[in-house]
Amino acid sequence: MSQPYKHLFEPLDLGFTTLKNRALMGSMHTGLEDKAKDFPKLAAYFAERARGGVGLIVTGGFAPNIEGWLSPFGSKMSKKSDVKRHLQVTKAVHHEGAKICLQILHAGRYGYSPLCVSASNIKSPISPFKPRALSTKGVYRTINDYANSASLAQQAGYDGVEIMGSEGYFINQFLVTHTNKRTDEWGGSFENRMRLPVEIVQAVRREVGPNFIIIYRLSMIDLIEQGSSWDEVVQLGKAIEAAGATIINTGIGWHEARVPTIATSVPRAAFSWVTGRIQDHVSIPVVATNRINDPAVANDIIERGEADMVSMARPFLADSDFMNKAAAGKPESINTCIGCNQACLDHTFGGKRSTCLVNPRACYETELNFSPTNNSKKIAVVGSGPAGLSAATVLAERGHTVDLFDKASEIGGQFNIAKKIPGKEEFYQTLRYYDNKIKETGVNLRLNEGVNATALISAAYDEVVLATGITPRKLELEGADHPKVLSYIDVIKEQKPVGQNVAIIGAGGIGFDLAEFLTHQGVSPSLDIELFNKEWGVDSEYQNRGAYGYAEPEAPARQVTMLQRKDGKMGAGLGKTTGWIHRASLKMKNVQMVRGVEYTKIDDLGLHFTIQGGEPQVIECDHVVVCAGQLSRRDLLDDLQGAGITTHLIGGSKLAGELDAKRAIREGFELGASL
Ligand code: FAD
Ligand code: NAP
Ligand code: SF4
């Protein structure tokens, strides 16, 4: 068989060293970097990815000094005493045949710390701390700190460093007038503003010698007003090359940019065009990044000549074996990153250890393992939603005999509804993965079989896992059975016709998704880069600074009003890093949000309510769609337990409140590992 994805698997000669393929595992802060005691876990996590075939790994960010901390007492590489613990990481990765670079990240005004510094003392809109403007001397000292950090990385056995110059961090803050109001040699003209990154790369190169990889992460599209112009990006790229960088990696958008750059609603490879533009201006290898989660997409980028390498970060959390599976021509067996951010970035920003919604073993490699069973049992798993799928496949992989029942004609439970939401098309990939995994592990799949307790008892299972999910909560309200009342299942799954004016009761995750579903028409912008750029104002002609123009969203397909009883912020429970995207998207679609309501009744006119005992109000509408939360479905439990069968509950059948696929899959994994 010829090598599949041959461009992705072509070695890359860097002169003094060769990378075995064109895949770079991009930097992610997992939380394991922050404490010395977690380094054995960090080493195991990276070693598993190295074993999985990736050519080059970049660590999470390490600050060159305490002013550059992401958060107090966070990861830092500034002292000789920091070196020893890193040796575990570099040895483990080298043992598995990959190379690894340490990322040097100075957070600047994004530092969640009162010690933070920046070019000027201008607070970022996403941080509570106002930075101190670094003195002229302080800038020189910081350059030395970068060089010192790189030298320590070299002593710790790293193959190189990545200098983080993008995403709105410290270096970026010097580059643009938006954040740099200095009048010394580090401010004013672009030549002065770009001196910082250029002098950092020069100082690092002097310190580490010629045979050490220096990756510079260059912000190629800031996506903020007064961001860099394209000419400035090119000028900087050339200067970085001349200063001694080995590779230029791409940075997309500042963290404070109001354009989604990595969420699931961003089309795959939506920003590789910008890396393609710089290719002609520099001669060192360049790396494309953002929303590349599939070997064919990665291969195409290199084949099209947009980049020499491709950076994937979250896809290696989702599947450490991504590259080996691609090399073997088995893309169907890859557990694809769905871009949800729920267990990775949301955890990082919540101060929790990162992991992955579709792969709860990520960052738990030493703690959650599936050893073969020496007591094989006959087990029924009822329900093939995310919880049932993960439990059934782990149990079968470990050597149990597993029957997986679902009354539906396809696996996936609620994921079959989620995948129909514009912007959530990636959720289909998890079902494709499990479809394949069921075959690989030998799970006996029995679709169209709504089982009852009697059938399970008479089949004499040793144990039963109930993963029967939820039922939508029904309204207890006058007119709840009015013909204009629909459930989200009627609308999204059953595709029942919906009128032009709609009220949605409930503004949780499903209410937001339903509003998205009802207001979009035509092709989903997540599947079309041009539509996406238009919707969010990404200027692919790069006429404006920061390539940030005026958004021209499609007109909404319907007039939608969302309501909730709580008086708090609408969508407060949405993801930390994605909630703003959902809110901004619905705002563009002119969705009205009404909070603090008390529902009165539904009748021919529409939905009646009051706000805090005020005047009665009515939304005249064609339909009222109910997204009022969910209740556990566990009707088989009592009979099974009564018959003395050991029965386990996971996912929605265990607890409907606070349910999401992250919990459902994790509970399936944990139970699967324990029986
Ligand atoms: P379910 O997915 O509900 O699966 C239960 C299964 O059991 C069903 O297939 C059902 O047919 C089967 N079943 C029930 N009774 C029987 C029986 N007696 N015999 C046989 N089979 C039976 N979560 C996230 O984390 N992120 C998101 O972005 C997200 N978006 C969503 C968007 C929408 C529109 C919806 C509806 C849900 C979304 N969710 C999301 C929620 C997520 O899908 C659920 O949390 C998850 O599916 C729960 O998994 P589960 O396995 O517990 O139950
Ligand atoms: P939810 O997030 O709990 O929201 C339920 C909504 O219904 C709330 O707005 C609640 O607000 C309202 N409500 C509750 N009881 C009600 C009642 N008796 N009458 C009227 N309104 C009532 O649940 P969900 O939207 O059904 O989502 C289910 C799960 O799927 C969630 O836990 C979520 O995590 C997951 N999910 C996640 C995403 C995501 O993007 N991460 C997307 C979709 C779903 P008030 O009580 O204030 O009225
Ligand atoms: Fe990808 Fe979601 Fe896993 Fe993060 S949690 S790696 S976004 S699938």
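Scroll up to find the structure.
Just so it is clear, the structure is predicted and the values come from calculations on it, not from any experiment. (Residues numbered from 1 in each chain as written. Chains lettered and ligands numbered in written order. Predicted model: local features only at pLDDT ≥ 70, side-chain atom pairs only at ≥ 80, totals over all residues. Heavy atoms only, no water.)

**Concerning the overall build of the protein**
Worth spelling out the cut-off: Numbering goes from the N terminus for both helices and strands, where a helix is a DSSP run of H or I of at least four residues and a strand is a run of E of at least two. We take the radius of gyration over the C-alpha atoms and set the globule estimate at 2.2 Å times the residue count to the 0.38 power. Exposed residues in this analysis have more than 50% of their type's maximum accessible area, buried residues have under 20%, and partly exposed residues fall in between, with area computed by a 1.4 Å probe over protein chains only. Here, residues are in contact when the closest pair of their heavy atoms is within 4.5 Å. We get accessible surface area from the Shrake-Rupley algorithm with a probe of 1.4 Å; when it comes to residues, only the shown protein chains can shield them.
Helix and strand counts for the protein stand at 22 helices and 27 strands. Taking 26 Å as the expected radius of gyration for a compact globule of 675 residues, we find that the protein reaches 26 Å, a close match to that expectation. When its C-alpha atoms are laid out on the principal axes, the protein stretches across 75 × 65 × 45 Å. Within the protein, buried positions represent 61% of all 675 residues. Here the contacts in the protein between residues at least 6 apart in sequence split such that 72% fall between residues at least 24 apart. As displayed, the protein has an accessible area near 26,100 Å², and 49% of this comes from carbon and sulfur atoms.

**What about the site of ligand 3?**
The condition that has to hold: Each residue is tested against the molecule or strand, and it is near if at least one of its non-hydrogen atoms lies within 4 Å. Computed over the protein atoms alone on a 1 Å grid, cavities are sets of points where a 1.4 Å probe fits but cannot get out and pockets are open sets with protein on both sides within 12 Å along at least five of seven lines; a residue lines them when it has an atom within 4 Å of a point. Molecule-in-pocket calls rest on the fraction of atoms, with more than half required to lie within 2 Å of the cavity or pocket grid points. Each residue gets one of three labels, nonpolar for Ala, Val, Leu, Ile, Met, Phe, Trp, Tyr, Cys and Pro, charged for Asp, Glu, Lys and Arg, and polar for the others, Gly among them.
Taken together, the residues surrounding ligand 3 are Arg314, Leu317, Cys337, Ile338, Gly339, Cys340, Asn341, Ala343, Cys344, Cys356 and Leu357. Given that more than half its atoms are within 2 Å of the pocket grid, ligand 3 belongs to the largest cavity. Tallied by class, residues from the shell around ligand 3 come to eight nonpolar, two polar and one charged.

**Section: the sheet that holds strand β27 (residues 646-649)**
The line we're drawing: DSSP-based pairing: two strands are paired if at least 2 bridges between them are found. The axes are straight lines fitted to the C-alpha atoms, using for helices just the contacting stretch, and the angles between their N-to-C directions are given from 0 to 180°.
Ordered in space as β15-β14-β13-β16-β27, the five strands form an open sheet in which the pairing is parallel. Looking at which strands have only one partner, the edges of the open sheet turn out to be β15 (444-446) and β27. Within this sheet the neighbouring strands show an average axis-to-axis angle of 20°, counted without direction. Sheet topology note: the strand β13 (residues 378-382)/strand β14 (residues 401-405) ladder contains five bridges and is parallel. The partner of Val381 across the bridge, within β14, is Leu404. Against the sheet, helix α13 (residues 386-397) makes contact with β13, β14 and β16 (463-466), and its axis sits at roughly 160° relative to β14, the strand it touches most.

**Some details on the environment of Asp639**
Along the chain, the position of Asp639 falls in helix α21 (residues 637-642). Along the chain, Asp639 and Gly227 lie 412 residues apart, while their C-alpha atoms are 64 Å from each other. When neighbours within four sequence positions are excluded, Asp639 is seen to be in contact with Ala453 and Ile457.

**A closer look at empty space enclosed by the protein**
Selection criterion: Grid points are joined across faces, edges and corners, and a volume is the space filled by probe spheres set on the points.
Scanning all chains against the criterion turns up two cavities of 30 Å³ or more. Roughly 80 Å³ of internal volume is contained in the largest cavity. Cys337, Cys340, Cys344, Cys356 and Leu357 are, among the 13 residues lining the largest cavity, the residues nearest its centre. A per-class count over the lining of the largest cavity returns eight nonpolar, four polar and one charged. Estimates place the volume of the second largest cavity at around 30 Å³. Along its surface, the second largest cavity is lined by Asn172, Leu175, Leu218, Ser219, Asp222, Ser228, Val233 and Leu236. Listing elements by their share of the lining of the second largest cavity, those giving two or more residues are α4 (170-175), β9 (213-221) and α7 (230-243). Of the residues assigned to the lining of the second largest cavity, the class counts are four nonpolar, three polar and one charged.

**Notes on the site of ligand 2**
Stated precisely, the cut-off is as follows: N or O atoms closer than or at 3.5 Å make up a polar contact, with two conditions inside protein: a donor-capable atom paired with an acceptor-capable one, and, for residues adjacent in sequence, both atoms drawn from side chains.
Looking at ligand 2, there are 21 residues lining it, with Ala507, Ile510, Arg565, Lys566 and Leu659 nearest. Interatomic distance of 3.1 Å between a side-chain N/O atom of Arg473 and a nitrogen atom of ligand 2. Interatomic distance of 3.3 Å between a backbone N/O atom of Gly509 and an oxygen atom of ligand 2. Within the complex, 76% of the 890 Å² of free accessible area of ligand 2 lies under protein. No other element matches helix α18 (residues 509-519), which puts three residues into the shell around ligand 2. Looking at the shell around ligand 2 residue by residue, the class counts come to eight nonpolar, seven polar and six charged.

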